[in-house]
Amino acid sequence: MKIISWILIYFGFLWELHGSTIITKACPLECICLSQTEVICSSGGLTEIPVKKFPTTVEKLSMTKNNFPYVKSDAFGGLRALRKLTLDGNNITIIRPFAFRGLPRLRELTIHNTAIDKVAQFAFAGLQNLTLLALTSNKILKVEGYAFAGSANIRLITLKNNPLVRIETNAFSSLTNVERIILPSGIRAIEPDAFQGLDTVGSIKLSFMDLRSLAPFTFRGLININLLSLQESDLGVLCAQSFEGLSHVETLSILNNKIDAIQELNISYGHHVKQFRIQGNHLLDTPEPGSIILDGIEQLVVVNNHFPCGCHIHTLLDSPFANGTYQQGDFLKNNFCISPLEVNGRRMSDIDIFSIGRCHEQVTRENLEGSHAVSIYTSTNSHQRFYMSHTNLLVVLLLFLVTFHYAKYQMKVS
């Protein structure tokens, strides 16, 4: 019995030694393999990703402060059990298309403090089960189209603390069920259809932007969103059709922005916007008559804004912002003047609206519209009188001819 026991102990020792040898061989020298499921490669000076040396069973992989300059396509192929991947502080400048393909169980991917200057096309494509993508504190200047193609289930994307200046067309295409997209400050251009194909979103907050204009079709294809907020930004000019193609929005907010001009603001029944908040903005130029169309909105809130209070104030009070009536006391009490200088900062309700004359071009336009209507009426009446007079003349002539021929017939008979 003792011999058998010694034999079992000996083989157990060999098996344990064999197992530890496997772990040692499967672990790069620059890393620490805490177990078959967790590996740490921190400050090890890796110049490439030694994917073939990692245990294929690894679930948590942390590679920080290394010197590999890029992440190639299929860089982690074979690590199908991987759930969490951290690539912070590395010298990465480029992420190739489909770099993280073949990781069906990956849930969290973080890349902080690197030299990446763009989210390249298809860089994060094919991550079907990823829920968190954190790309903060890098040097990202732009998000290219289809960067997240096929990664439909990401819940949170954060791009905070990047010098991001441009969001390209189709940048967020194929994303669905995203709870939050957190973008950095300083964005200078959002291309048309930048949010095309982005379906079912919790919230998108665009803040501290410096735009020349909000281009036509900026939000086309963005559907089923709880909150879309444009805030604390210089929006430049709101172009016609900026919100065309946006639909099914719980709350659309334009908060605390500087707006140079509004070419057109059309939010109608087809947008299915429940609440529209226009609050705390400084509008430098009064929109032209008919350029504001707000229909089908369940709740419209227009408060704490600063509007021009010169002669164009009558156009503003005729617009849907004020529900088209001078008796809309809440609008006047809850909004302020930005110009002229002598009334800057005063409540609109504190100034004598009726003492402000209408602008010359507005009076001219109204006179032209009135004279055009009168000329149409006059022309119509003239045509009617002309028609009636000619009709009467024809009737008289016809009667004369009938009478003449009848008399001539009677003479022949007699």
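Now for a description of the structure that goes with this document. (Residues numbered from 1 in each chain as written. Predicted model: local features only at pLDDT ≥ 70, side-chain atom pairs only at ≥ 80, totals over all residues. Heavy atoms only, no water.)

In this section: the sheet that holds strand β10 (residues 142–143). As summarised here, the arrangement of the four strands in space is β8-β10-β12-β14, forming an open sheet in which the pairing is parallel. Strand pairing shows two members of the sheet lacking a second neighbour, β8 (118–119) and β14 (189–190), which therefore form its edges. For strand β12 (residues 166–167) and β14, the ladder comprises two bridges, and the chain directions are parallel. Looking across to β14, one finds that Ile167 is bridged to Ile190. (Pairing = 2+ DSSP bridges. Helix = DSSP H or I, 4+ residues; strand = E, 2+ residues; numbered from the N terminus.)

This part takes up empty space enclosed by the protein. Applying the stated rule across the entire model yields two cavities of 30 Å³ or more. Of the voids in this model, the largest cavity is the one considered here, and its volume is about 80 Å³. Put simply, the parts of the chain that give the lining of the largest cavity at least two residues each are β20 (258–262) and β23 (282–283). A class-by-class count of the residues in the lining of the largest cavity yields nine nonpolar, three polar and no charged. The computed volume of the second largest cavity comes to approximately 30 Å³. Surrounding the second largest cavity, Pro287, Glu288, Pro289, Gly290, Ser291, Ile292, Thr315, Ser319 and Pro320 form its lining. Residues belonging to the lining of the second largest cavity are distributed by class as follows: four nonpolar, four polar and one charged. (1 Å grid on protein atoms, 1.4 Å probe; cavity = no way out; pocket = protein on both sides within 12 Å on 5 of 7 lines; lining within 4 Å. Points joined across faces, edges and corners; volume = space filled by probe spheres on them. Nonpolar A, V, L, I, M, F, W, Y, C, P; charged D, E, K, R; others polar.)

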